[in-house]
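# Fold and geometry: a report
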Amino acid sequence: MTWETLDILVHRFYFFVEGAIILYVFVINSIYLALTVMALVSMRRHHAPFSRAEREALMRSPMMPAISIIVPSYNEAKSVEQSVSGMLKLDYPDYEVIVVNDGSKDATLQVLIEAFHLYKSARAPIGTLATKPVRRVYESSDPVRLVVVDKQNGGKADAINAGINMASSPLVMVVDSDSIIDRAGLLEMVKPYLEDPERVVAVGGTVRAVNDCEVRDGRVVRITTSSSMVANFQAVEYMRAFYGGRVGFSLLNCLLIISGAFGLFKREAVLEAGGFEHSTVGEDMELIVRLHHHYLDRQQPYRIVYLADPVCWTEVPQTLKILQRQRRRWQRGTVESLWRHREMLFNPRFKLVGMFAFPYFLFFEMFGPAVELLGYVLTVLGLVFRIIAPEIGLLFFSVSIVFGVLLSTSAVLLEELTTLRYPSWRDSLKLFAAAILENLGFRQLLTWWRVQGLWEGLKGKRGGWGIMERRGFKTAAPPAARASG
Amino acid sequence: MWFRAAVILASFFYPVWFLHVEYFSHRWKELPLSLAASFLTVQAAVILCQLLTSCALEHAALARERRSRRVRPRLLKQLAAYAAGGGRLAGLRALERRYPAEFDRALERLLSLVSGEGRVRLTALAEQLRLVGRWERRARRAPERERRHALECLGLLAGEHGGRALRRLARCSTPLVEASACRLLARSPRQEDAAWVFSLIVGKPYLVRVLLAGEMRRHARDLCQTALPAEVASGDTARLLAALELAESWRKALRLPFLEQLMRHPSAAVRARALRLTPFAAKGQDVERYVRRALESDSEQVQAAALSAAAAFRAPSLLPLLERLASSGSGELARLACAALAHCGPDGIEILRRLLLEGGALPAACAAEALAAAASPSFGLEPA
């Protein structure tokens, strides 16, 4: 074989691989675009939060199902008081808050005891999920329904299970302890369940970045973009992920993930499925996949719904180091969940979940970052060594980066067309700028971390609680103080 | 929805193809270059359009807000004057023509604040300005959110409006629109309207019943004489369960002559639901015996309902049965039995103390919990 033949073969092989990657990236982005368009059409038509009169009727109705809000907490001394305060002031007629302190090493429990005047309670767990031993149960002597479960450290899933055991309501909501729920969030969240209580087993809401938004009395009083571009990139990314992906998958009843930071579940369904899984870092996704598995296996009708209206505000990482850990963890969670339920892949018994959502998550969400990274590397090398023509590079650029920008700007526009939460011009322009800029370096960085996460997941690395450096919420002065100051 | 989504997608991809075939492929022979150029062109155009739309949306929202802030006080002042018996119709008509959306909002706000003669005058004003007709039309045709808003506006008017239209809307397939229409009908003083709404909503989604529970409460006594017995006689278990659940939600003393019949119903769910109604049975009905019988039932569901009812009766004759369930029942039953004992006065508390000291692990834990609850200041304020 001469050098010339070898050169031709390398060129052809390179051309084939590059073409396949371009096609792959085009397909994945086209699916995203299709899901975003479906979300746009659906939300324009069905975006109908409760009116004031309806909210009042619901608040007065004795038929509203009780909800237990479970707040797993680990080393959250900085933000737990504010977020629990906010959770105790939600518009809902019958709910309790159960904070589970998972053996925190900081003053989380002490902060709670002092802030909410807790006393030792005799309340006993009624659920049967296996968890690490509970040390003590506390209740608040204030006129609020707050229960604090202090237990040995066992991880987030273990803490949630302990909370489910303690809950007496037919519905449980799992919320991160660094999160703030919109005041009417609970009422909105329960809507799909009220529409179809027999079939709805889980409801997911939207998670948004709270960084630099002003918080007073545990409520977000002024929504604004962050001064940190990393936080803004994530704000756009969350919009794209929630509006683009989840609305579409929810319409097809094949949603595979409900964020662990904000999800409502039928308690009975979670108990029947065996609770949250301890041995995975992606316990939120794993439970949803398991619920699909459980109900489709038994051929029982069920629905898992995503709603764009109820919003939970959460602090997103502002440093790349913490963000890297978080994303690697998430990717590991995806790998573990998909691996555990691999029998669902292309299995017609699992209907659209097995035939569409599962393959989509496997080929695009799990292996997507690796293929995308390979695309970047091959394109750059190909251009440097002149193996591929510049027009191929341009085509790759258009289907990956510019298409990515289009998807991000579409998500921002979708937000403005439906809820218009960011009230100022400056914020909108900042979000559009973030939507463009995040595709020029930040997304590639995320891709690299996700590949690392994929590798760790395939190797079977284990993990506990994710470490998040808390800055605490930006507190707003009360109106009177503001006016005078 | 699928069609619309497909049209939007096609309107994005077709121009890419069109530019490639009709324009760029003639200029450049390399296929990737032509495709990339057409794709980039369309993408850039779409992104630019999105940016402009976003700016336009922001601008429109700001302009709306500014106009509303400027006009609203004036509108409210003039409408308030009109409601009080002053004001000129011509001036209000001019304002309505100039600022229809703000006028609608201001009138709605004022209607929700005033009652009596003021509301009657504002209702007459809405009729004279043909707003009532507009709301009725909107309630039938506009998107869901506007339909509900129009129905709410109609609901604020004095007297009755759109009777037949409301009955039609109450049968539509959108739960929140149905609920709004039913709410208006339920406010009617006519008993037949309330009975019609009751028989309609027991077959509707749970959300509709939750929204209507409060509205139906005022008709509770009459419904227990007419509509509820009709559901008992119908033999449809799902409708019957919904009807009993509504009756329970009223939390009112009611005459329930059909309880005996329900206690013999083949469905355990119906029996359990009926037991939850027993604490609300009017005096003179000997319902304690139903609870006693149910505590000995084979069905856990029925036993659990009977325990909740027993907590309300606080009858000494039930104590031995409660003690038995507290010490030998399953987790949930033991918990409920202990909670019921806590409501039974000193004798119940004594039994709980005994269980705490002498019972097994589960009864002791449940007894401790019930005793702690009984010691809390809020005990007895909530039904067990």
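Quick caveat, the model's predicted, so the values are computed rather than measured. (Residues numbered from 1 in each chain as written. Chains lettered and ligands numbered in written order. Predicted model: local features only at pLDDT ≥ 70, side-chain atom pairs only at ≥ 80, totals over all residues. Heavy atoms only, no water.)

## Focus on the overall build of chain B
Worth spelling out the cut-off: Numbering goes from the N terminus for both helices and strands, where a helix is a DSSP run of H or I of at least four residues and a strand is a run of E of at least two. A radius of gyration in this sense is built from C-alpha atoms; the matching globule rule multiplies 2.2 Å by the number of residues raised to 0.38. Remark: exposure states derive from per-residue accessible area (1.4 Å probe, protein chains only) relative to the maximum for the residue type, with buried under 20%, exposed over 50%, and partly exposed in between. We get accessible surface area from the Shrake-Rupley algorithm with a probe of 1.4 Å; when it comes to residues, only the shown protein chains can shield them.
Along the backbone of chain B there are 22 helices and zero strands. Over its C-alpha atoms chain B spans a radius of gyration of 31 Å, topping by over 25% the 21 Å that the globule rule assigns to 384 residues. For chain B, the proportion of its 384 residues judged to be buried stands at 48%. Here chain B has roughly 18700 Å² of accessible surface; of this, 55% comes from carbon and sulfur atoms.

## Some details on the sheet that holds strand β7 (residues 179-181) of chain A
Residue and element names in this part refer to chain A. What counts is decided by this rule: Whether two strands pair comes down to DSSP finding at least two bridges between them. Structural elements are reduced to axes, namely lines fitted to C-alpha atoms, with helices fitted over the stretch in contact, and the angle between N-to-C directions of any two is expressed from 0 to 180 degrees.
An order of β3-β4-β5-β2-β1-β6-β11-β8-β12-β7 is seen for the ten strands of this open sheet, with the pairing classed as mixed. Lying at the two open borders of the sheet, with one neighbouring strand each, are β3 (118-120) and β7. Strand after strand, the sheet turns through a mean of 30° between neighbouring axes, direction not considered. Where strand β8 (residues 200-209) and strand β11 (residues 262-266) come together, three bridges link them in antiparallel fashion. Residue Gly204 lies in a different strand from β11, and its bridge partner there is Gly263.

## Structural notes on the pairing of strand β12 (residues 303-314) of chain A
Residue and element names in this part refer to chain A. By the criterion of burial, β12 is predominantly enclosed, with ten of the twelve residues buried. For β7 and β12, the ladder comprises three bridges, and the chain directions are antiparallel. Paired with Ile180 across the strands is Trp313, a residue of β12. Sheet analysis places β8 next to β12, joined by eight bridges and oriented parallel. Its bridge partner lying in β12, Ala209 is registered against Thr314.

## Regarding the pattern of salt bridges
All names here are of chain B. Short version of the rule: Salt bridge, as applied in this entry: a Lys or Arg side-chain nitrogen positioned within 4 Å of an Asp or Glu carboxyl oxygen.
Under the criterion given, the structure shown has 43 salt bridges over all chains. A salt bridge links Glu260 to Arg289; the shortest N-O distance between them is 3.2 Å. One end of the pair, Glu260, is in helix α15 (residues 259-263); the other, Arg289, is in helix α17 (residues 288-295), and 29 residues separate them in sequence. Through salt bridges with shared partners, a single ionic network connects Glu96, Asp104, Arg134, Arg138 and Glu146.

## Considerations on the nonpolar core
Residues and elements named next belong to chain A. The condition is simple: Residues belong to a common nonpolar core when they are buried Ala, Val, Leu, Ile, Met, Phe, Trp, Tyr or Cys residues joined through side-chain atoms within 4.5 Å. Whether two residues are in contact is decided by their heavy atoms, any of which lying within 4.5 Å being enough.
Membership of the largest hydrophobic core comes to 270 residues, with the highest contact counts inside it found for Ile69 and Phe265. The element best represented in this core is helix α1 (residues 3-46), accounting for 14 residues. Beyond its immediate chain neighbours, meaning those up to four positions away, Phe265 contacts Pro170, Leu171, Val172, Val174, Val201, Ala202, Ile258, Val270, Phe276, Leu287, Ile288 and Leu291. One finds Ile180, Cys213, Val311 and Trp313 within the second-largest nonpolar core, a separate group that totals seven residues.

## A look at the packing of helix α20 (residues 331-342) of chain B against helix α21 (residues 345-358) of chain B
Residues and elements named next belong to chain B. What counts, and what does not: By the definition adopted for this analysis, an angle is roughly parallel if under 35 degrees, roughly antiparallel if over 145, roughly perpendicular if from 65 to 115, and oblique otherwise. Each residue gets one of three labels, nonpolar for Ala, Val, Leu, Ile, Met, Phe, Trp, Tyr, Cys and Pro, charged for Asp, Glu, Lys and Arg, and polar for the others, Gly among them.
It is the contact of α20 with α21, at a shortest axis distance of 7 Å, that shows an interaxial angle of 140°. The orientation of α20 relative to α21 falls into the category oblique. Facing Cys338, Leu341 and Ala342 of α20, the residues of α21 in contact are Gly345, Gly348, Ile349, Ile351, Leu352 and Leu355. Considering only residue class, the contact of α20 with α21 consists of seven nonpolar, two polar and no charged.

## A few points about the environment of B:Glu22
All names here are of chain B. Inspection of the secondary structure assignment puts Glu22 in helix α1 (residues 2-27). Here Glu22 falls in the partly exposed class, since its relative accessible area comes to 46%. As for Glu22 and Ala309, which are separated by 287 residues in sequence, their C-alpha atoms are 79 Å apart.

## Observations concerning helix α4 (residues 100-113) of chain B
Rules: Expected helix span is computed as 1.5 Å times (number of residues minus one).
Here α4(B) contains 14 residues, and its C-alpha end-to-end distance of 20 Å stays within 8% of the 20 Å for a straight helix at 1.5 Å per residue. Where α4(B) is buried, its residues contact α2 (31-83), α3 (89-98), α5 (117-128), α6 (131-141) and α7 (144-156) of chain B.

## Re the confidence of the model for chain B
Operational definition: For every residue, the predictor states its confidence as a pLDDT score lying anywhere from 0 to 100.
Mean pLDDT over chain B stands at 88; residues scoring 70 or higher make up 96%. Of the two predicted TM-score estimates for the complex, the pTM is 0.86 and the ipTM is 0.83.

## Quick word on the environment of A:Arg332
Residue and element names in this part refer to chain A. Defined as follows: Between N or O atoms, a polar contact is any pair within 3.5 Å; within protein, one atom must be a potential hydrogen donor and the other a potential acceptor, and residues adjacent in sequence are included only when both atoms are from side chains.
By the secondary structure assignment, Arg332 is in helix α11 (residues 320-340). As a C-alpha pair, Arg332 and Ser83 span 249 residues in sequence and 28 Å in three-dimensional space. At 3.1 Å, the side chain of Arg332 forms a polar contact with the side chain of Glu456.

## Details of the state of the cysteines
Inclusion rule: Note on terminology: pairs of cysteine sulfur atoms within 2.5 Å are recorded as disulfides.
Counting across every chain of the model gives zero disulfides over all chains. Looking at the unpaired B:Cys224, the closest cysteine sulfur is the one in B:Cys182, lying at 19 Å.

## Brief notes about the interface of chain A and chain B
Using the following cut-off: Accessible area, probed at 1.4 Å, shrinks when two parts are joined; the buried area is that loss added up over both.
The interface is formed by 59 residues belonging to chain A together with 54 residues belonging to chain B. Both faces combined, the contact of chain A with chain B buries some 5000 Å², and carbon together with sulfur accounts for 73% of it. At the surface where chain A touches chain B, the tally comes to one salt bridge. Notably, a salt bridge pairs A:Glu54 with B:Arg148, separated by 2.6 Å at the nearest N-O pair. Taken together, the links from chain A to chain B amount to twelve residue pairs in polar contact (both at pLDDT 80 or more). For the side of chain A that touches chain B, the secondary structure elements donating two or more residues are α1, α2 (52-60), α7 (191-195), α14 (390-418) and α15 (425-459) of chain A. The element best represented in the side of chain A that touches chain B is α14(A), accounting for 16 residues. In the side of chain A that touches chain B, the residues fall into 41 nonpolar, ten polar and eight charged.

## Describing the packing of aromatic side chains
Worth spelling out the cut-off: Two rings from Phe, Tyr or Trp (for Trp, the six-membered ring) form a pair when their centres sit within 6.5 Å of each other. Planes less than 30 degrees apart are called stacked, planes more than 60 degrees apart edge-to-face, and all others tilted.
On inspection of all chains with the given rule, the structure shows 27 aromatic pairs over all chains. Aromatic pair A:Tyr295 and A:Tyr302: ring centres 5.3 Å apart, planes at 20°, arrangement stacked. Comparing A:Tyr295 with A:Tyr302, the two get one shared label, buried. Ring geometry for B:Phe198 and B:Trp250: centres 6.0 Å apart, planes at 45°, overall tilted. Residue B:Phe198 is found in helix α10 (residues 191-201), and its partner B:Trp250 is found in helix α14 (residues 237-250); the two are separated by 52 residues along the sequence. Neither residue differs from the other here; B:Phe198 and B:Trp250 are each classed as buried.

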